[in-house]
Number of protein chains: 2
Amino acid sequence: MKLYDYYRSSAAYRVRITLNLKRLEYEAIPISLLDGEQFSENYLQLNPNQRVPCLDTEHGTLSQSLAIIEYLDELHPQPALLPADPWQKAQCRSLSLLIACDIHPLNNLAVLNYLNSEWQIQQTEKMIWYHHWLKRGFTAFEHHLMHRTMPTDFCCGDTPTLADICLIPQVYNALRFDFDLTPFPLIQDIHRACEQLPAFQQAHPDRVHQDKT
Amino acid sequence: MKLYDYYRSSAAYRVRITLNLKRLEYEAIPISLLDGEQFSENYLQLNPNQRVPCLDTEHGTLSQSLAIIEYLDELHPQPALLPADPWQKAQCRSLSLLIACDIHPLNNLAVLNYLNSEWQIQQTEKMIWYHHWLKRGFTAFEHHLMHRTMPTDFCCGDTPTLADICLIPQVYNALRFDFDLTPFPLIQDIHRACEQLPAFQQAHPDRVHQDKT
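No experiment lies behind these values; they were computed from the predicted model shown. Every residue gets a number counted from 1 within its own chain, in the order that chain's sequence is written. Labels are handed out in written order, letters beginning with A for the chains and numbers beginning with 1 for the ligands. Per-residue local features of the predicted model are confined to residues with pLDDT of at least 70, and side-chain atom pairs are confined, for both listing and counting, to 80 or more; whole-chain, interface and lining totals are unaffected and use all residues. As a rule here, side-chain values come from all non-hydrogen atoms in the structure, and water together with hydrogens is ignored.

Concerning the pairing of strand β4 (residues 60-63) of chain A
Residues and elements named next belong to chain A. Applied cut-off: In short, DSSP must find at least two bridges between two strands for them to pair. Secondary structure follows DSSP: runs of H or I at least 4 residues long count as helices, runs of E at least 2 residues long count as strands, and numbering of each begins at the N terminus.
By the bridge criterion, 4 bridges tie strand β3 (residues 54-57) to β4 in an arrangement that is antiparallel. Of the residues in β4, the one forming a bridge with Cys54 is Ser63. Linking β3 to β4, which pair antiparallel, is a turn of 2 residues.

Structure representation (structure tokens):
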């Protein structure tokens, strides 16, 4: 398998964590979003959506990080990335989508570039925008964690699931953009728990970037 | 079951289509996003994310339309809303997420309100923004449809799936905001096919609004 990847893309970061958790071998092919490599004619043929990640498999290419993760989870069921119980599974997907739909799409590079190129929104204002959606999403996420039936090491139990895989790259972005995590102690706890795991460590943007250079 | 709903929310519209396809009875409770009812203290307790839809079940509340739809599909497997084959299922989820992550979050009411209230972005500019993300997403969606191994009536086969359930509310929004669908003939074909089905007809915002008033 080949993963079209960019070290700082949080959607690609999710897939790297998953591949590591599943102990799957893959070849990473960097697509520099900063240099606009996602818009090249070659990449368009692989992924018409012109984003990363994109997984190249024996069947063809697959885009959208959550679709990739669920696919890998179905093909390689251990360790399971979703709870078995339908209701718990639904809650886990809901937390994941809270990150993937309500926070990340507003804060990705394509959007930040638009704000600047089309409307000349400056860095300070862009960071207010960035923090606004992060705060709103993380407040809901923390609320969910607070109302779990019992405390667990990770978002949805004592092993990492899709929800942790979505949360950790978003926390990386939050820290990178000086977002204050003090009001979110449960998110911080989960971040610390994930940081202990090699699968998360080896997927970290700094680590990936360092290995490459 | 109760569905906290808003007739023009395309995420809620997806869940209405699903409930109709599965022939499930539910009570719709309107939450007016225009009047800010999603920010009330009562609703916050039900859905800390302060968005619609939210499904109230015997186990508690569940938010995020895609999590709700997959949950209903697991509990009530007929008619199936995802292909059985893992690769086809992954492609179907990928198309759905293209709408749910790459288009819809940028064009929803909360975002359009922010652009106006914080930066005084006017209607004309907001529509350029709206069309920009729609065009980019629909171009990728149409490309996917064009490269199907064989033509089918719906996005992923000859019955509606999650991908159609996500696409149709986005087409409704596109039409509402005068987006030119001429470059997207395959999306138009699928829209016409879905329009023939009672489950889609009865979930349409105009129909829901009319029934209520």
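Thoughts on the packing of helix α7 (residues 162-176) of chain B against helix α8 (residues 185-195) of chain B
Working note: a packed helix pair is described by the angle between its axes plus the distance between those axes. Residue and element names in this part refer to chain B. Note the following rule: Interaxial angle, 0 to 180 degrees, is taken between N-to-C directions of lines fitted to C-alpha atoms, where a helix line uses only the stretch in contact. Oblique is the label for every angle not falling under 35 degrees (roughly parallel), over 145 degrees (roughly antiparallel), or within 65 to 115 degrees (roughly perpendicular). By definition in these notes, contact holds between two residues if any of their heavy atoms fall within 4.5 Å. Residue polarity follows a fixed list, in which Ala, Val, Leu, Ile, Met, Phe, Trp, Tyr, Cys and Pro are nonpolar, Asp, Glu, Lys and Arg are charged, and the others, Gly among them, are polar.
Two numbers describe how α7 lies on α8: the axes approach to 10 Å, and their chain directions differ by 105°. As summarised for this structure, α7 and α8 are arranged roughly perpendicular, according to the angle between their axes. Together, Asp164, Leu167, Ile168, Val171 and Leu175 of α7 and Ile187, Ile190, His191 and Cys194 of α8 make up the contact between the two elements. In terms of residue class, the contact of α7 with α8 is made up of 7 nonpolar, 1 polar and 1 charged.

Quick look at the sheet that holds strand β1 (residues 2-5) of chain A
Strand pairing in a sheet relies on backbone hydrogen bonds, with the paired strands running either antiparallel or parallel. All names here are of chain A. Across the sheet, 4 strands lie side by side as β2-β1-β3-β4; this open sheet has mixed pairing. Sheet topology places β2 (27-30) and β4 at the edges, where each strand pairs with a single neighbour. Sheet twist, expressed as the mean angle between neighbouring strand axes with direction ignored, is 25°. Examined bridge by bridge, β1 and β2 share 4 bridges and lie parallel to one another. Residue Tyr4 lies in a different strand from β2, and its bridge partner there is Ile29. Of the strands in this sheet, β3 and β4 are in contact with helix α3 (residues 65-75), which crosses β4 at around 120°.

Digging into the domain arrangement of chain A
Residue and element names in this part refer to chain A. This is how the line gets drawn: Here the limits of each domain have been adopted from an automatic or database domain assignment. In short, buried area is how much 1.4 Å probe accessible area vanishes from two parts on joining, totalled over both. Salt bridge, as used here: a side-chain nitrogen of Lys or Arg that lies within 4 Å of a carboxyl oxygen of Asp or Glu. Polar contacts, as used here, are pairs of N or O atoms within 3.5 Å; protein pairs need one atom able to donate a hydrogen and one able to accept it. Residues neighboring in sequence count only if both atoms are side-chain atoms.
You can read the domains of chain A as domain 1 (2-79) and domain 2 (86-200). When each unit is reduced to the centre of its C-alpha atoms, the spacing between domain 1 and domain 2 is 20 Å. The interface is formed by 15 residues belonging to domain 1 together with 19 residues belonging to domain 2. Taking both partners together, domain 1 and domain 2 bury about 1,600 Å²; carbon and sulfur atoms supply 66% of that area. Inspection of the region where domain 1 meets domain 2 yields 1 salt bridge. Of the charged contacts in the structure, one is a salt bridge between Glu70 and Arg93, with a shortest N-O distance of 2.7 Å. The tally of links from domain 1 across to domain 2 stands at 3 residue pairs in polar contact (both at pLDDT 80 or more). Elements with a minimum of two residues in the side of domain 1 that touches domain 2: α1 (10-21) and α3.

Details of helix α5 (residues 109-119) of chain A
The line we're drawing: When accessible area is computed with a 1.4 Å probe and restricted to protein chains, residues below 20% of their type maximum are described as buried, those above 50% as exposed, and intermediate ones as partly exposed. The reported arc concerns the directions from the helix axis to the C-beta atoms and nothing else.
Those residues of α5(A) lying buried are Val111(A), Leu112(A), Tyr114(A), Leu115(A) and Trp119(A). For α5(A), the angular spread of the buried residues around the axis is 155°, confining them to a single face. Buried residues belonging to α5(A) abut α4 (86-107) and α6 (123-146) of chain A together with α4 (86-107), α5 (109-119) and α6 (123-146) of chain B. For α5(A), the side-chain oxygen to backbone nitrogen distance between the N-cap and Ala110(A) is 3.2 Å, and the N-cap itself is Asn108(A). Two residues or fewer past α5(A), Gln120(A) is found with a positive phi of approximately 55°.

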